[in-house]
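Listed here are the chains, written in short residue letters.
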Amino acid sequence: MKKSIIALVLCILCNISAVMAEGLAEDVNCAILMEESTGEILFEKNPDEHVSIASITKIMTALLIMERIDSGVMSLDEVVTASENAMSYGGSTMFLKTGERFTVHEMIKGIMLASANDGCVAMAEHIAGTEEKFVEMMNKRAEELGLTNTVFKNSNGLDEEGHFSSARDVAIMSRELLKHPKIIEYTTIWMDTLRDGKFELVNTNKLIKYYTGATGLKTGSTSKAGCCLSASAVRDGMSLIAVVLGAPETDTRFKRSSELLNYGFANYTLKKYVEKGQPIGAVTVSKGKKKQVNVEAGEDFFKLYEKANLQEAEMEVKFPEVISAPIKKGDKLGTAEFIYEGEVIKTVDVVATEDVDKKNFIMLFADMVVGWITGILP
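Asks: Whenever I open this one, the overall build of the protein chain confuses me. Can you help?
Replies: When you go through the protein chain residue by residue, the secondary structure sums to 11 helices and 17 strands. Considering the protein chain as a whole, with its 378 residues, one finds that 47% of them fall into the buried category. Within the protein chain, residue pairs in contact and separated by at least 24 positions form 62% of the contacts whose partners lie at least 6 positions apart. When the accessible surface of the protein chain is totalled, it reaches about 18600 Å², and 52% of it is carbon and sulfur.

Quick look at the structure:
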């Protein structure tokens with residue numbers, strides 16, 4: 001009887017979730033909801049349709065910028081000089097003047113807060129020499145990320161024939177950008193200034209001010225694309241990305257994105273089973289200068305659950321009782337298997353945390369002598 005009641009409650013909860021999902025994003029062209037760490041899709045509507053994405057394009061521009069910064073190729077203090085070409089761009093701008101100089105740090109603020117079209121072109125020219133060459137870099141990166149429904153023609157998203165993407169591809173590039181935590185320091189700014197306080201910046205993403213846990217990411221709107229938004233938010237350790245493309249008006253994109261995020265946070269939870277570098281145990285070492293080597297997880301493992309069907313996986317660690325030296329840091333010494341409903345759903349390598357050198361001949365011989373004397377062989 002008790003089991004029947006529990007089953008009935010779970011069934012009702014699942015049906016409520018389904019009803020909630022059915023009513024989402026009805027008045028937008030395309031939408032998707034993704035959990036960031038796993039990349040799992042929680043909701044989709046026309047996810048692979050080719051559409052204009054307006055200034056959502058700047059997510060890829062920002063990604064190329066952040067990758068160069070995090071790899072040490074470019075610094076935030078580096079100075080960018082605006083060209084006459086960059087100055088000529090209209091729409092959303094930071095009103096660059098030919099020869100005006102800004103740091104990369106300031107340019108990112110202009111791009112991510114004010115959606116500066118001129119700022120994108122100035123950065124593109126700074127990085128690649130010309131915007132055309134930078135766009136080639138954008139398309140190459142899109143190909144590397146598997147964005148099969150994306151073609152870039154410019155760096156800022158102004159309407160141009162043949163420039164398009166899809167809700168799924170936008171979610172993927174948004175997820176990739178969020179792998180660079182520094183970007184959140186910009187996308188969560190509500191108001192700031194440039195030019196010694198003379199030029200005010202206000203974030204075009206209203207969710208930053210009004211949605212609890214909002215972390216970004218980028219708005220966009222043109223006559224062809226409609227109103228668009230890639231919105232990210234974090235609650236209880238789970239990060240979601242909601243993409244809305246082709247909303248009829250600006251308030252709709254914020255409302256529908258909020259509803260998507262609410263649906264995800266209400267119905268799903270993220271379980272962190274193991275993080276890369278987390279201690280797992282120790283393995284006995286034979287013929288090594290150390291008797292044991294500590295082992296750790298070689299990668300992260302997170303699993304997404306529906307709250308109405310939460311049944312956690314079990315971890316089973318498998319590594320030998322004894323392993324022979326030499327051992328190098330990072331060597332795979334075993335595995336951690338995660339079992340869910342009787343099946344292995346993930347195998348994580350268990351790796352050595354340090355080097356263990358093999359004992360030389362003299363040390364091994366000394367061990368044998370000690371073993372003969374004590375009766376305990378090494």
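There is more to say, and it comes next.
Asks: I would appreciate a short explanation of the packing of helix H4 (residues 104–113) against helix H5 (residues 117–128) in the present structure.
Replies: The relative placement of two packed helices comes down to the angle between their axes together with the axis-to-axis distance. Running from N to C, H4 and H5 cross one another at 140 degrees; their axes reach a closest spacing of 8 Å. Classified by the interaxial angle, the pair formed by H4 and H5 is oblique. Considering the relative orientation of H4 and H5, their crossing is left-handed. Every residue of H5 that contacts H4 at Val104, Met107 and Ile111 is listed here: Gly119, Cys120, Ala122 and Met123. Among the residues forming the contact of H4 with H5, the class breakdown is six nonpolar, one polar and no charged.

Asks: What is the right way to look at the pairing of strand S17 (residues 343–352) in this model?
Replies: Looking along a regular strand, one sees side chains alternate from face to face of the sheet. One ladder, built from three bridges, connects strand S12 (residues 292–297) with S17; its direction is antiparallel. Bridge pairing links Val295 to Ala352 in S17. Here strand S16 (residues 332–340) runs beside S17; their pairing, made up of eight bridges, is antiparallel. Bridge pairing links Lys332 to Val351 in S17. Where S16 hands over to S17, the hairpin turn is made up of two residues, of which Glu341 adopts a positive phi near 55 degrees.

Asks: Honestly, the pattern of salt bridges in this entry has me stumped. Any pointers?
Replies: Charged atoms that come close allow side chains of opposite charge to pair. Tallied over the entire structure, the rule returns 18 salt bridges. Asp251 is paired through a salt bridge with Lys206; the nearest N and O atoms lie 3.7 Å apart. Remark: Lys206 occurs in the loop between strand S6 (199–202) and helix H9 (207–210) and Asp251 occurs in helix H10 (residues 250–267); sequence separation between them is 45 residues. What makes Asp251 partly exposed here is its relative accessible area of 47%. For the salt bridge of Arg256 with Glu259, the shortest nitrogen-to-oxygen distance reads 3.2 Å. With a gap of three residues between them, Arg256 and Glu259 both fall in helix H10, about one helical turn apart. By relative accessible area, Glu259 is classed as partly exposed at 26%. Look at the salt bridges and you will find they share partners, linking Glu67, Arg141, Glu144, Glu176 and Lys179 into a network.

Asks: In this structure, what is going on with the pairing of strand S8 (residues 226–235)? I would like to understand it.
Replies: With eight of 10 residues buried, S8 is to be regarded as a mostly interior element. As paired strands, strand S7 (residues 214–222) and S8 are joined by eight bridges and run antiparallel to one another. By the bridge assignment, Leu217 is partnered in S8 with Ala231. Connecting the antiparallel pair S7 and S8 is a turn made up of three residues. The sheet contact formed by S8 and strand S9 (residues 238–247) spans eight bridges and is antiparallel. Counted as the bridge partner of Ala231 is Ala242 from S9. Remark: two residues form the turn of the hairpin made by S8 and S9, two consecutive strands paired antiparallel; Asp236 in that turn has positive phi of roughly 50 degrees.

Asks: Teacher, can you tell me more about the nonpolar core here?
Replies: Across soluble globular proteins, nonpolar side chains show a tendency to be buried alongside one another. Formed by 62 residues in total, the largest nonpolar core has its most connected members in Met60, Ile65, Ile108, Met123 and Leu245. With eight residues, the single largest contributor to this core is helix H2 (residues 58–70). Ala233, Tyr263, Phe302 and Leu304 belong to the second-largest nonpolar core, a separate cluster that totals 29 residues.

What counts and what doesn't
- Along each chain, the written sequence defines residue order, and numbers are assigned to residues from 1.
- Totals for whole chains, interfaces and linings use all residues, but because this is a predicted model, local features are given only for residues with pLDDT of at least 70 and pairs of side-chain atoms are given and counted only at 80 or more.
- Excluding hydrogens and water, the side-chain figures rest on all heavy atoms present in the structure.
- Only DSSP runs of H or I covering at least 4 residues are called helices, and only runs of E covering at least 2 are called strands; the numbering of each starts at the N terminus.
- Burial status follows relative accessibility: with a 1.4 Å probe on protein chains alone, a residue under 20% of its type maximum counts as buried, one over 50% as exposed, and anything between as partly exposed.
- Throughout, a contact is declared for two residues whenever any of their heavy atoms are within 4.5 Å.
- All accessible areas in this document rest on Shrake-Rupley with a 1.4 Å probe, and a residue is counted as covered only by the protein chains that are shown.
- Only the stretch in contact is used when fitting a helix axis, every axis being a line fitted to C-alpha atoms; angles between N-to-C directions are given from 0 to 180 degrees.
- Any angle from 65 to 115 degrees is called roughly perpendicular, while one under 35 is roughly parallel, one over 145 is roughly antiparallel, and all others are oblique.
- Note on convention: the crossing is left-handed when the near helix lies turned anticlockwise from the far helix by less than a right angle, right-handed when the turn is clockwise.
- As a working rule, the residues Ala, Val, Leu, Ile, Met, Phe, Trp, Tyr, Cys and Pro are called nonpolar, Asp, Glu, Lys and Arg charged, and the rest polar, with Gly in that last group.
- At least two bridges found by DSSP between two strands are what make those strands a pair.
- What makes a salt bridge here is a side-chain nitrogen of Lys or Arg within 4 Å of a carboxyl oxygen of Asp or Glu, nothing more.
- Here the nonpolar core consists of buried residues drawn from Ala, Val, Leu, Ile, Met, Phe, Trp, Tyr and Cys, with membership extended through side-chain atoms lying within 4.5 Å.

As far as function goes, none of this settles anything; it's purely spatial.
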